[in-house]
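Listed below, chain by chain, are the residues.
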Amino acid sequence: MPSRRGRLKVFLGAAPGVGKTYRMLDEGRRRVARGTDVVIGFVECHRRPLTEAMLDGLEVVPRTERSYRGTAFTEMDLDAVLARAPEVALVDELPHTNVPGGRHAKRWEDIDELLKAGIDVVTTVNIQHLESLNDVVQKITGIPQRETVPDEVVRRADQIELVDLPAEALRRRMAHGNVYAPEKVDAALSNYFRVGNLTALREMALLWVAGRVDEALVKYRSEHGIGGVWETRERVVVALTGGPEGDTLIRRAARIADLPQALNSVRAGETPFAGGDLLAVHIARSDGLADASPAALTRQRQLVESLGGSYHSVVGDHIPTALLDFARAESATQLVMGTSRRGRLSHFLGGRGVGETTVELSGDIDVHMVTHERAGRGRLLPTPKSTLPLVRRVAGPVAGLVLPALLTAVLANTRGHLNLTSEALLFLLTVVGVARIGGVVSALLASVTASLLLNWFFIPPIGRFTIGEANNVLALAVFAVVAVTVATIVDRSLRLSRRAANATAEAETLSSLAGNILRGDQAVDALLQRTREAFGMDSAELTARDSEPGDGAVTVPVGPDDLLVLRGRRLAASERRVLTAFAGHVAAALERARLAEAAAEVEPVKAADRMRTALLQAVSHDLRTPLASTWAAVSSLRSHDVEFSDEDRDELLATAEESLSKLNRLVDNLLDLSRLQAGALTLHLQPTVLADVPLPDSPVDIITQGLDDIPAVLADPPLLVRVVANLVANAVRHTPAGKPVLVSASALGSRVELRIVDRGPGLPREGRDRVFEPFQRLGDTDNTTGLGLGLALSRGLTEAMGGTLLLEDTPGGGLTMVVSLASA
């Protein structure tokens, strides 16, 4: 066994021709110059002179030859490379599918064996071959990539180097003949290598590599215990309260995150281009704002997502702490907040606001306080936190002793201006103020202090704790009772307000979760991520009920078989109630996933039933017509009542032959379609020359172009004949008299495209793909023109051979059928 696993380096490009193979060979030459033992395990130069020149000075391990369906192919000789045991092996085209006969189906599996043997490998791959991006690339270019490599294979690479080239530069390189042969350039530039395609692929490659770099940075910081913010890229968090200023904050945050293109795209109704990261967060706690609105939050969430950002809802007892914890967890560099809507009196009575506290605690995160039209126009008194902070727990008793004493000093200096009743009311007001600051305990202390001071300084005889008149005794008693009662009521109202705030926070959090589900974000993984974020936990996962979650984990049952396990901090009882509701949503999502799987299993059966029903409805005419014609012809020939001439006899035999031929083609189509539906079609793929594929007889002219100048395709010859015949027949059917049908071919990279062009009426873009459904005909008016199986069968046979069948508009009018197959 080798002492170490080999290291993998990947040159990643956006499209063929950017220079990956050239860079790989250049890397090999540089290592050879440093004294490293380097060999070429496999390289494909595509007859590019500049690339072939880079082979000089590099040892090449001879390829192995394999025979497949009567044709010889060459592949990397894995055993020879292993036996040679170099320090570094250069192996081109990571996603390549090997010709059957070797140990592995894919080249990346060969490379993995080399790495296990301790051999370093340098390889190449294009962004369109990554499995996760396959469908995206098909939407952009219209061409699916049959050869893919799992993303994890490339993610595990020790080094990923981007080979970048602007779209126009690549097109110039192609025009100069440095990528494809001259005869292929025009077709390539007008199809796959359009500027839009190349620009989109380039952006995908840049973003994918940036994501991998970001993952490596996060891993490094985690391994080295680095908790501070590294401003490697802008991540802007905008704090939303649900107030009307939210739209202003979001747009300002988008500009800070360098998203001008996103703003312009949204105004134009286009898909936005994302620059920096924009994250909007709402802390589900009452913050004293009078007009926080779930509807406003929903609207603001839509605005954030339209700008390419993401929306998050987090539960937190202390808003500044929860906000900053979220920002640091997301490695945010900047935080955008609105200036306080509280007035001056509210600031005076309630102390520092959320913004001031956040700025003080922000550390290395830049905080932007954005002014808005609602600043300073909030409610008078802010709602206190669910538990009094330390400063108020200390200030309350101090105020209960100091404020009555200060009031006594003031009233003593103005003695004679107020009567005893007015003085008692001022003391009562002081007690209520203390209750507002420190709660009922502080208010009780203030009422006792105020009663003693009122007795000593203002109730005759002054200077003594005795009371001379019974009315004054009654007044003092009433004062004490009223003070305690008012303080108790104030404290109770505050508790009820806090309880309402907690309920509001829970409702907002559950509303956000329900919104995720209604908007389609009901995947279990997404719900688990939302749960982790909402409760500020380190992790959230589903486990079986009989598993051991470990010490310190918070568990909630999810359905009969699963547990929701959260790890991180301890949760309060109120938070556990909300967590139980979250668990209910997770259970519902699991059940929906199971139902979706069950529905998916039933869908093929339903599709088969629909197929049988449509078949029975449609074949009544198409089967009976040729049968009836054949029967009539044969019955006439067997009749002894009529003497037919030789011409009549030949005509009847021709009618029977033509009808039987139609019937045979119909039965063949039905059988092949049923095999395709059942996945039982037998394929015999082999190199096939398109020029050798016969074209059907036609009443209109068929012009061929380029069929002799392209490489062979990998196809099943009889099936390819069926495909071409069906498509040509369809083109002939819709081509006006006097106009020809064009059949042309061109090579594009490792694929060959066959185009069947008609000059008919074409098809509207809406519902265009319906022509590839069985029993669909243009217009769908009657059954006299066939069952509508030709195009459905053609697409099915093409895809079975690893190709694609697409529709394009013919310039000047008409429809073009494009068959794309892999070159042999």
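Residues numbered from 1 in each chain as written. Predicted model: local features only at pLDDT ≥ 70, side-chain atom pairs only at ≥ 80, totals over all residues. Heavy atoms only, no water.

Chemist: Explanation requested: the overall build of the protein chain in the structure shown.
Modeler: Along the protein chain, the regular secondary structure elements total 24 helices and 23 strands. Burial status across the protein chain gives 42% buried among its 824 residues. Taken as a whole, the protein chain presents about 41600 Å² of accessible surface, with 55% of it coming from carbon and sulfur. (Helix = DSSP H or I, 4+ residues; strand = E, 2+ residues; numbered from the N terminus. Buried < 20%, exposed > 50% of the residue type's maximum accessible area, 1.4 Å probe, protein only. Areas by Shrake-Rupley, 256 points an atom, 1.4 Å probe, with all protein chains shown as cover.)

Chemist: Help me understand the sheet that holds strand 21 (residues 751-757) in this model?
Modeler: Strand pairing in a sheet takes place through backbone hydrogen bonds and is either antiparallel or parallel in direction. Pairing is mixed in the open sheet, where five strands are placed in the order 18-20-21-23-22. Two strands in the sheet have a free side with no partner beyond their single neighbour: strand 18 (702-705) and strand 22 (804-809). Adjacent strand axes in the sheet meet at a mean angle of 20°, parallel and antiparallel pairs treated alike. For strand 21 and strand 23 (residues 815-822), the ladder comprises seven bridges, and the chain directions are antiparallel. Paired with R751 across the bridge in strand 23 is A822. Seen against the sheet, helix 23 (residues 717-734) touches strand 18, strand 20 (741-748), strand 21, strand 22 and strand 23 and runs at an angle of roughly 170° to strand 23. (Pairing = 2+ DSSP bridges. Axes fitted to C-alpha atoms, helices over the stretch in contact; angles between N-to-C directions. Contact = heavy atoms within 4.5 Å.)

Chemist: Explain the packing of helix 13 (residues 319-329) against helix 15 (residues 354-361) here, please?
Modeler: Running from amino to carboxyl end, helix 13 crosses helix 15 at an angle of 45°, the nearest separation of the two axes being 9 Å. Compared by their axis directions, helix 13 and helix 15 come out oblique. In the packing of helix 13 onto helix 15, the handedness of the crossing is right-handed. Across from I319, P320, T321, L323, L324 and R328 in helix 13, the residues of helix 15 making contact are V354, T357, T358 and L361. Class assignment for the residues of the contact of helix 13 with helix 15 results in six nonpolar, three polar and one charged. (Parallel < 35°, antiparallel > 145°, perpendicular 65-115°, else oblique. Left-handed = near helix turned anticlockwise from the far one by under 90°. Nonpolar A, V, L, I, M, F, W, Y, C, P; charged D, E, K, R; others polar.)

Chemist: Just checking my understanding: could you explain the sheet that holds strand 13 (residues 366-370) for this structure?
Modeler: Taken in spatial order, the five strands make up an open sheet running 11-10-9-12-13, and their pairing is parallel. This sheet does not close on itself; its edge strands, each paired only once, are strand 11 (310-314) and strand 13. When strand polarity is set aside, the average angle formed by the axes of neighbouring strands in this sheet is 25°. Here six bridges tie strand 9 (residues 235-240) to strand 10 (residues 277-283), and the two strands are oriented parallel to one another. Paired with V238 across the two strands is A280, which belongs to strand 10. Taken strand by strand, helix 12 (residues 294-306) contacts strand 9, strand 10 and strand 11, and its axis lies near 140° from that of strand 11.

Chemist: Help me understand the packing of aromatic side chains in this model?
Modeler: For any pair of aromatic rings, the description consists of the separation of the ring centres together with the inter-plane angle of the planes. Enumeration over the complete set of coordinates arrives at two aromatic pairs. Ring plane angle 55° and centroid distance 6.4 Å describe the contact between F457 and F458, whose orientation is recorded as tilted. F457 gets classed as partly exposed once you look at its relative accessible area, which sits at 29%. Members of the aromatic cluster, each reached through a chain of ring pairs, are F427, F457 and F458. One Lys or Arg, R107, reaches over the ring of F42 and ends 3.8 Å from the middle of that ring. (Phe/Tyr/Trp six-rings, centres within 6.5 Å; stacked < 30°, edge-to-face > 60°. Lys NZ or Arg CZ within 6 Å of the ring centre and 35° of its normal.)

Chemist: Mind showing me how you'd approach the pairing of strand 7 (residues 120-126) here?
Modeler: Walk down a regular strand and you will see the side chains alternate between the two sheet faces. The element strand 7 is largely enclosed, with a buried count of seven among its seven residues. The alternating pattern of strand 7 places D120, V122, T124 and N126 and V121, T123 and V125 on opposite faces, both of which are buried. Pairing of strand 1 (residues 8-13) with strand 7, which is carried by six bridges, proceeds in the parallel orientation. Note that in strand 7 the partner of F11 across the bridge is T124. Pairing between strand 6 (residues 88-91) and strand 7: four bridges, direction parallel. Paired with L90 across the strands is V122, a residue of strand 7. After leaving strand 6, the chain enters helix 4 (residues 107-116) and then returns to the sheet as strand 7, a path that is right-handed. (Right-handed = clockwise from strand over helix to strand, strands pointing away.)

Chemist: What is the right way to look at the packing of helix 17 (residues 420-438) against helix 18 (residues 440-458) in this model?
Modeler: Helix-helix packing is described using two parameters, namely the angle between the two axes and the distance between the axes. For the pair helix 17 and helix 18, interaxial distance at closest approach is 8 Å and the crossing angle is 160°. Accordingly, the angle class assigned to the pair helix 17 and helix 18 is roughly antiparallel. For the element pair helix 17 and helix 18, the recorded crossing hand is right-handed. Here L420, E423, A424, F427, V431, V434, A435 and G438 of helix 17 lie close against helix 18, whose contacting residues are V440, S442, A443, A446, S447, A450, L453, L454 and F458. Of the residues that constitute the contact of helix 17 with helix 18, the class distribution is 13 nonpolar, three polar and one charged.

Chemist: Can you walk me through the nonpolar core in this structure?
Modeler: Nonpolar side chains in soluble globular proteins tend to be buried together. L90, L114, I127 and F193 are the most contacted members of the largest nonpolar core, which totals 59 residues. For this core, the leading source of residues is helix 9 (residues 195-223), giving six residues. Residue contacts for I127: discarding those within four places in its chain leaves L12, G13, A14, L133, L201, M204, A205 and W208. The next biggest cluster of nonpolar side chains, apart from the first, holds 33 residues, and it includes I710, V741, L807 and M817. (Core = buried A, V, L, I, M, F, W, Y, C linked by side-chain atoms within 4.5 Å.)

Chemist: Hey, could you run me through the pattern of salt bridges in this one?
Modeler: Under the defined criterion, the tally for this structure stands at 23 salt bridges. For D37, the salt bridge is made with R84, and the minimal N-O distance between the two is 2.8 Å. With D37 in the loop between helix 1 (20-33) and strand 2 (38-42) and R84 in helix 3 (residues 78-84), this pair connects stretches of sequence that are 47 residues apart. Take R84: its relative accessible area is 29%, and that puts it in the partly exposed class. Ionic contacts of the salt-bridge type, sharing partners, join the residues K9, R23, D26, E27, R30, R31 and E161 into one network. (Salt bridge = Lys/Arg side-chain N within 4 Å of Asp/Glu carboxyl O.)

Chemist: Quick question: what am I supposed to make of helix 13 here?
Modeler: Every buried residue belonging to helix 13 is among I319, P320, A322, L323, L324, F326 and A327, and all of these are buried. Looking at the buried residues of helix 13, the elements they touch are strand 9, strand 10, strand 11, strand 12 (334-338) and helix 15.

Chemist: Explain the pairing of strand 4 (residues 64-68) to me, please; I cannot follow it from the model alone.
Modeler: Summarising the sheet, strand 4 and strand 5 (residues 71-75) pair through five bridges and their orientation is antiparallel. Within strand 5, the position partnered with E65 by the bridge is T74.

Chemist: Sorry, what's going on with the confidence of the model for the protein chain here?
Modeler: Reading predicted coordinates in detail is not appropriate for stretches of low pLDDT. Scored by pLDDT, the protein chain comes out at a mean of 77, with 75% of its residues at no less than 70. Predicted confidence in the protein chain is weakest over helix 11 (residues 260-268), with a mean pLDDT of 38, and strongest over strand 6, with 96. Between residues 259-275, whose pLDDT stays under 50, and residues either more than four places distant or in other chains, the model counts 28 contacts. Within the model, pLDDT remains below 50 along residues 778-787, and this stretch shows 22 contacts once partners closer than five positions in the same chain are excluded. (pLDDT = per-residue confidence, 0-100.)

Chemist: Explanation requested: the environment of D317 in the structure shown.
Modeler: Mapping D317 onto the fold places it in the loop between strand 11 and helix 13. Along the sequence, D317 and A284 sit 33 residues apart, while their C-alpha atoms lie 8.7 Å from each other.

Chemist: Would you mind showing me how to read a nonpolar patch on the surface here?
Modeler: Taken together, the side chains of V394, V398, L401, V402, L403, L406 and L445 present a nonpolar region at the surface, about 550 Å² in accessible area. Within the fold, L401 resides in helix 16 (residues 390-413). (Patch = residues over 30% accessible without salt bridge, like charges linked within 9 Å, V, L, I, M, F, W, Y side chains within 5 Å.)

Chemist: Even after reading the chapter, I still don't get helix 18, so can you show me in this structure?
Modeler: An α-helical segment advances 3.6 residues per turn. Residues three or four places apart therefore align on the same side. With 19 residues, helix 18 ought to run about 27 Å at 1.5 Å a step, and its terminal C-alpha atoms sit 25 Å apart, in line with that. Within helix 18, the full set of buried residues consists of S442, A443, A446, S447, T449, A450, S451, L453, L454, N455 and F458. (Expected span 1.5 Å × (residues − 1).)

Chemist: I'm lost on the side chain of S442 in this one. Help?
Modeler: Looking at the element boundaries, S442 is found in helix 18. Leave out the neighbours within four places in its chain, and S442 touches G396, P397, G400 and V434.

Chemist: Got a minute to help me understand a negative patch on the surface in this structure?
Modeler: Judged by side-chain charge, D646, E647, D648, D650 and E651 come together as a negatively charged surface patch. With respect to the helices, strands and loops of the structure, E647 is situated in helix 22 (residues 646-678). Among the residues examined, E647 registers a relative accessible area of 59% and is labelled exposed. (Lys, Arg positive; Asp, Glu negative; His and termini not counted. Charge placed at Lys NZ, Arg CZ, Asp CG, Glu CD.)

Chemist: So what exactly am I meant to see when it comes to the environment of A412 here?
Modeler: Looking at the element boundaries, A412 is found in helix 16. Remark: the alpha-carbon pair of A412 and F458, spanning 46 residues in sequence, is separated by 8.3 Å.

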